[in-house]
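Topology and contacts: notes
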Amino acid sequence: MPYSKPPFLSITQFNTLLRYTWDAHEEFCDIWICGEVSNARFFQAGKQWYFSLVENGSQMNCVVFESFLKNIQCTIQNGQQLLVRGSLKFLVKKGCFSFQVVYGKPLGEGLVQASIYQLKEKLRLKGLLDPDAKKPLPIYPQKIGIVSSNHAAGFIDFITILQQKTPFIQLCLAPAILQGDQCAGSITRAIQRLQHTDCDMIVIVRGGGSAEDLMGFNQESVVMAIAGSVIPVLTAIGHEVDMTLSDCVASARATTPTDAAHIITTPFVTLKKKLPEWLHVLHIRTVQHLQVTISHVCHVVDQASHILRKKEADIQTNLSFLCHRVAQCDPLRKLHQGFSIIRHKQSQKAVQSVTDVSSGEYLELTVSDGSFEVKVS
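This write-up is about the structure you can find in this document.

What counts as what
- Residues numbered from 1 in each chain as written.
- Predicted model: local features only at pLDDT ≥ 70, side-chain atom pairs only at ≥ 80, totals over all residues.
- Heavy atoms only, no water.
- Salt bridge = Lys/Arg side-chain N within 4 Å of Asp/Glu carboxyl O.
- Helix = DSSP H or I, 4+ residues; strand = E, 2+ residues; numbered from the N terminus.
- Buried < 20%, exposed > 50% of the residue type's maximum accessible area, 1.4 Å probe, protein only.
- 1 Å grid on protein atoms, 1.4 Å probe; cavity = no way out; pocket = protein on both sides within 12 Å on 5 of 7 lines; lining within 4 Å.
- Points joined across faces, edges and corners; volume = space filled by probe spheres on them.
- Polar contact = N/O pair within 3.5 Å; in protein donor to acceptor, adjacent residues only side chain to side chain.
- Nonpolar A, V, L, I, M, F, W, Y, C, P; charged D, E, K, R; others polar.
- Pairing = 2+ DSSP bridges.
- Axes fitted to C-alpha atoms, helices over the stretch in contact; angles between N-to-C directions.
- Contact = heavy atoms within 4.5 Å.

With the rule as written, the count across this model stands at six salt bridges. Salt-bridge contacts for R124 lead to E121; the nearest nitrogen and oxygen are separated by 2.4 Å. Placement of both R124 and E121 in helix 2 (residues 111-125) is noted, with a separation of three residues, approximately one turn of the helix. Relative accessible area serves as the criterion here: at 46%, R124 is assigned to the partly exposed category. Relative accessible area serves as the criterion here: at 36%, E121 is assigned to the partly exposed category. Across the pair K122 and E220 runs a salt bridge, and its minimum N-O distance is 2.6 Å.

In structure tokens form, the structure reads like this:
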């Protein structure tokens with residue numbers, strides 16, 4: 001029966017074929033390469049170092065297994081220039097290349113790390129790293145500007161938490177490219193667009209990635225755009241261990257996009273939890289204040305009533321005295337006591353002296369119950 005070639009290869013078949021083909025080239029079995037260390041991490045369980053060597057935008061994934069650790073003449077650190085020897089292997093399961101290091105030695109500081117240190121020193125001299133010079137984040141923002149990609153997982157996590165806990169906060173998205181050669185310019189333009197809005201704060205959201213993926217956030221244009229923003233900026237770039245110059249000049253840094261969402265929503269959640277307690281305390285204090293006020297008013301009313309009663313009694317006493325005095329001065333009272341009023345009959349002028357009358361003159365006398373005429377003799 002003639003052999004029939006299968007119409008296609010599975011991924012495993014293709015990667016295995018590629019590995020066997022690759023292993024046949026002996027020139028890749030003992031190579032020296034040099035580059036700057038990035039994304040260095042040590043796995044304690046397997047006693048292995050994983051890192052990348054980068055140079056001019058190119059990179060190579062490297063690994064040092066436990067049996068070769070003694071041949072590495074330094075502690076592997078990000079930013080150092082490292083010369084290594086090893087073999088290039090193709091990994092069937094992952095479908096990628098890995099440089100397996102058997103020897104390595106340091107050659108000094110890498111160019112990328114040196115440029116970052118240089119820019120950081122420039123920022124320090126300008127005072128842009130001083131915490132006191134940074135704008136504080138608003139405690140209860142009402143509108144937030146977001147610099148991110150609306151398809152990024154970190155952005156989705158951030159938005160999900162905000163909508164669950166604080167759906168009333170308005171969001172304004174300024175889309176940006178968060179990786180690659182266009183990253184720095186795109187982020188800078190997004191930040192500048194948000195300067196013309198009424199946002200209370202800006203959040204730059206990007207999920208995890210390698211040091212190379214986050215390199216755009218170490219570019220001077222991005223860093224200066226954040227430092228010069230009139231609106232406070234919160235950065236949520238990468239994972240907790242990732243730190244960029246953008247984080248250094250921002251008003252605050254969140255370790256992850258999820259952490260940024262919690263930073264924003266926590267004051268609102270706390271306020272919501274404490275509000276019933278505050279209302280209860282306010283009610284108690286209002287009642288207490290009202291009781292004190294009522295007591296004070298009652299006391300004032302009692303004092304006023306006492307004063308008014310005393311004044312009334314004094315007025316009544318004075319009025320009785322005045323009435324008595326008026327009664328004392330009433331001419332008619334004198335008439336009841338036996339006195340009389342004498343007037344000339346013709347002129348009705350009162351007689352005040354014996355010299356005012358003549359013999360034979362008629363006078364009119366008024367007494368308490370009437371009047372009568374008399375003749376002077």
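For the rest of this paragraph, the subject is the layout of surface pockets. When its volume is computed, the second largest pocket comes out at roughly 350 Å³. Lining the second largest pocket we find 17 residues, and of these R41, Y50, N61, K94 and S98 sit closest to its centre. Going through the elements one at a time, strand 1 (31-43), strand 2 (48-55), strand 3 (58-64) and strand 5 (96-109) are the ones with two or more residues in the lining of the second largest pocket.

Another aspect to go through is the environment of S353. One can find S353 in the loop between strand 11 (341-344) and strand 12 (362-367). On the basis of relative accessibility, which here comes to 31%, the residue S353 falls in the partly exposed class. A distance of 3.0 Å separates a polar atom in the side chain of S353 from a polar atom in the side chain of T355.

Before going further, it helps to examine empty space enclosed by the protein. Under the counting rule described, the total for this entry stands at one cavity of 30 Å³ or more. In this structure, the largest cavity occupies an estimated 40 Å³ of space. Around the largest cavity, the lining residues are W22, D23, H25, F28, C29, S87, L88 and K89. With three residues, strand 4 (residues 80-91) is the single largest residue contributor to the lining of the largest cavity. Residue composition of the lining of the largest cavity, grouped by class: four nonpolar, two polar and two charged.

All right, on to the sheet that holds strand 6 (residues 143-148) then. Taken together, the five strands give an open sheet; going across it, the order is 7-6-8-9-10, and neighbouring strands pair in parallel fashion. What marks the edges here is a single partner per strand, and that holds for strand 7 (170-175) and strand 10 (252-254). Ignoring strand direction, the axes of neighbouring strands in this sheet form an average angle of 20°. As paired strands, strand 6 and strand 8 (residues 201-206) are joined by four bridges and run parallel to one another. Within strand 8, the residue paired with G145 across the bridge is I202. Relative to the sheet, helix 4 (residues 183-194) contacts strand 6, strand 7 and strand 8, its axis offset from that of strand 7 by approximately 145°.

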